Amino acid sequence: MEILPQIVLSGLAQGSLYALAALGIVLIFNAGGVVNFAQGAMAVVTAYVTWALLNGAHVPYPLAVALALCAAFALGMATEMLVLRRVADAQPLTQIVVTLGLLMLLTGLVGMIFGHDPRSLPELVTLPSVALGPVILVPSDVFDVAVLIVLVVGLMVLLRKTKLGLGMRALGQDLFAARLAGISLTRVLSLTWGIGVALAGTAGILAVPNTTLTPTTMDTLVIYGFVAAVFGGFGTVSGAIVGGLLLGVVDNLIKTYLSPELSLSVVFALLLLALYLRPNGLFGRAVVRKV
Amino acid sequence: MLLFARSERAALLTLALVVAFPIACGFRTYPLFIATQFAVFAMVALSLDVLMGRSGQISLGHAGFFALGAYAAAILSVRYDVDLLVGVIAGAALAALGSLIVGLPATRLSGHYLGIVTLGFGVAVAQIALKWTALTNGDEGVHTHAIHLAGTVLSSPLHVYAVVFVALGAVTAFVARLPRTRLGRAFGAVRDSEIAAAAMGISVARTKVLAFVISAAIAGGAGALYAALTGFVAPEDFGIGQSLLFFAMVVVGGTASTAGTLLGALVLEGVSQAAATVGGLSLTLIGAAIVGVALFRPAGLKSLWRGGEGSR
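The structure reproduced in this document is the subject of the present report.

Reading guide: rules and limits
Residues numbered from 1 in each chain as written. Chains lettered and ligands numbered in written order. Predicted model: local features only at pLDDT ≥ 70, side-chain atom pairs only at ≥ 80, totals over all residues. Helix = DSSP H or I, 4+ residues; strand = E, 2+ residues; numbered from the N terminus. Buried ≥ 20, exposed ≤ 12 C-beta atoms within 10 Å, placed from the backbone. Contact = placed C-beta atoms within 7 Å. Arc of directions from axis to C-beta. Core = buried A, V, L, I, M, F, W, Y, C linked by C-beta atoms within 7 Å. Nonpolar A, V, L, I, M, F, W, Y, C, P; charged D, E, K, R; others polar. Expected span 1.5 Å × (residues − 1). Axes fitted to C-alpha atoms, helices over the stretch in contact; angles between N-to-C directions. Parallel < 35°, antiparallel > 145°, perpendicular 65-115°, else oblique. Left-handed = near helix turned anticlockwise from the far one by under 90°.

## So, the overall build of chain B
Right, on to step 1. Scanning chain B for helices and strands turns up 13 helices and 4 strands.
Right, on to step 2. Out of the 312 residues belonging to chain B, those deemed buried represent 55%.
Right, on to step 3. Across chain B, contacts joining residues at least 24 apart in sequence account for 75% of those joining residues at least 6 apart.

Below is the structure:
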């Protein structure tokens, strides 16, 4: 029974994951001007750490998730401190190259350590579905949306109310002035990377129960994250969220009414169209380039 | 040897090494296959360098153009039993057409936006190849008929090897000469400053699209040769991993350097073959190589003969 409200609803749940992936990308991009192409591989690492803690060390699931997210945070910080910091002044191409190199390195390492057989993670929430009028509420879907809301509120508080958030926003606006104002560039950047990668890891862990976990599982999730970020104009937190949710719904509509297999191709066509018509995002304003 | 510049000597040396390899192995089938596959991949890497090194754009989906060429040639071979030359031309043409899809928006995009768009393109091509079963036979792939060129059936791996090497030689000569042509200089001007290039009367949009078309056509032609080499075309040969391998060849070798790109292709193809037995190892090594190059030798392998200053 496919009905429109149901499709929109489960699209929103899937879109929450895209929004989380996009948020991580946008946060890192805003603070440091680097697009982290390795975001998906880092989400994969997080999911595999969860899997290993759960199946190898038999840690309770919530604790395993918490520990894996801490690992993701550390991975993000380490990436910034050990790698990205060294190419901070290099050409943009070099920074793209570095994150692509990390993507391959991490994917390869995960493959070597855990092999290429598909793994799985259990659902985090295992309650029975609730019928609410014509639509059925699936608890794990509701949970995905709830996680997004909680994290976004947390992020807003962080960005608006804390000194770290102020520093993150300042870096995005004017690096030089931010330094003059006594903001420690390196500390804020590495913390931002930690948060960004932890967001990607969250999306990764939430996504696994619906698919399987292999070293390249997250390629699709992150491409959708990129697309969501581009829809949102790549610069803003709200753009990433709206872009992600919109993409989730659109994707689900395509899957239902057009073709479940070609959704990525159709989404790609939409991305091209969006970039061609509105290069600065669906809600973006024109940017004047100066010499 | 003073006839050649140091970079040209490096390019010739790389090619000589690869020609010598199957000879040293007594023309056995497997070394021949590896050497031919290297030559095909090197052509794609060279085509990618036209885009990245020469015109300052980026493509993370070159396997997509490669796939278009391979499928065009394979399907034409199966359905109409066409000559390899027709297959190569058709493959190049289809890839060039496909490049307009990304090339036209690319006139307004750069850097990471272009990276994302091309990445998406590569994934979309592989997905369509997987799902359009009526045309591509989906997962099972397309088996080509006996390959023939100008009336001669290429019956042994040695024949294919010879044809592919002639093609690599032609592509190398074309790409090495490009920077000295009017178009090549326009590429360089757009790469170094779009605004300055426009001020000199160069159409920036046209130049960028042309770079995509030329690059994709070469990659598509190489794809057609790949179909002739393997006799079998399937979607899994054209995933993100393959696109990133081409990208890595250019980066490790050093952008805007024909010899560097050839050497990068040689090194990375060597690594993938040597590490093929352990799952994930070659990807790990290539990833580490890319990060290492970016951190410590941003100019890549070409700095071996250019004194490391990374001059473009």
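## Concerning helix α6 (residues 163-173) of chain A
All names here are of chain A.
Right, on to step 1. Where α6 is concerned, the buried positions are G167, M168 and L171. Looking straight down α6, one finds its buried side chains confined to an arc of 100°; they lie on one side.
Right, on to step 2. The inward-facing, buried residues of α6 contact α1 (4-32), α5 (139-161), α7 (175-180) and α8 (185-207).

## A word on the nonpolar core
Right, on to step 1. Counting residues in hydrophobic clusters, the biggest one holds 203 residues, and the most contacted among them are A21 of chain A together with I290 of chain B.
Right, on to step 2. Those residues within four positions of I290 of chain B in sequence are excluded, and the remaining contacts are V97, L100, G101 and M104 of chain A together with A248, V251 and V252 of chain B.

## Considerations on the interface of chain B and chain A
Right, on to step 1. Taken together, the 38 residues of chain B in the interface contact 39 residues of chain A.
Right, on to step 2. Counting residues per element, the ones that place at least two in the side of chain B that touches chain A are α4 (84-106), α5 (111-131), α11 (240-253) and α13 (281-296) of chain B.
Right, on to step 3. The element best represented in the side of chain B that touches chain A is α5 of chain B, accounting for 14 residues.
Right, on to step 4. Taken together, the residues that form the side of chain B that touches chain A break down as 27 nonpolar, 9 polar and 2 charged.

## A look at α5 of chain B
Right, on to step 1. Taking 1.5 Å of rise per residue, 21 residues should cover 30 Å, and α5 of chain B covers 30 Å from first to last C-alpha, within 8% of that figure.
Right, on to step 2. Most of α5 of chain B is tucked away, with 17 of its 21 residues classed as buried.

## Some remarks on the environment of D83 of chain B
All names here are of chain B.
Right, on to step 1. Along the chain, D83 turns up in the loop between α3 (62-80) and α4.
Right, on to step 2. Spatially, the C-alpha atoms of D83 and V163 are 13 Å apart, while their sequence positions differ by 80 residues.
Right, on to step 3. When near neighbours in sequence (up to four residues on either side) are disregarded, D83 contacts H148, L149 and A150.

## Regarding the packing of helix α2 (residues 29-54) of chain B against α11 of chain B
All names here are of chain B.
Right, on to step 1. Where α2 contacts α11, the two axes come as close as 9 Å, and the packing angle between them is 65°. Relative to α11, α2 is oriented roughly perpendicular. Seen along the crossing, α2 lies across α11 with a hand that is right-handed. Residues V44, A45, L48, D49, M52 and G53 of α2 form the contact with α11, whose own contacting residues are F246, F247, M249 and V250.
Right, on to step 2. Grouping the constituent residues of the contact of α2 with α11 by class yields 8 nonpolar, 1 polar and 1 charged.

## Let's talk about unusual backbone geometry
Right, on to step 1. In this structure, H58 of chain A is a non-glycine residue whose phi angle is positive, near 55°.
Right, on to step 2. One can find H58 of chain A in the loop between α2 (39-55) and α3 (61-82).
Right, on to step 3. Even without being glycine, A256 of chain B reaches a positive phi, approximately 55°.
Right, on to step 4. Tracing the backbone shows A256 of chain B in the loop between α11 and α12 (258-274).

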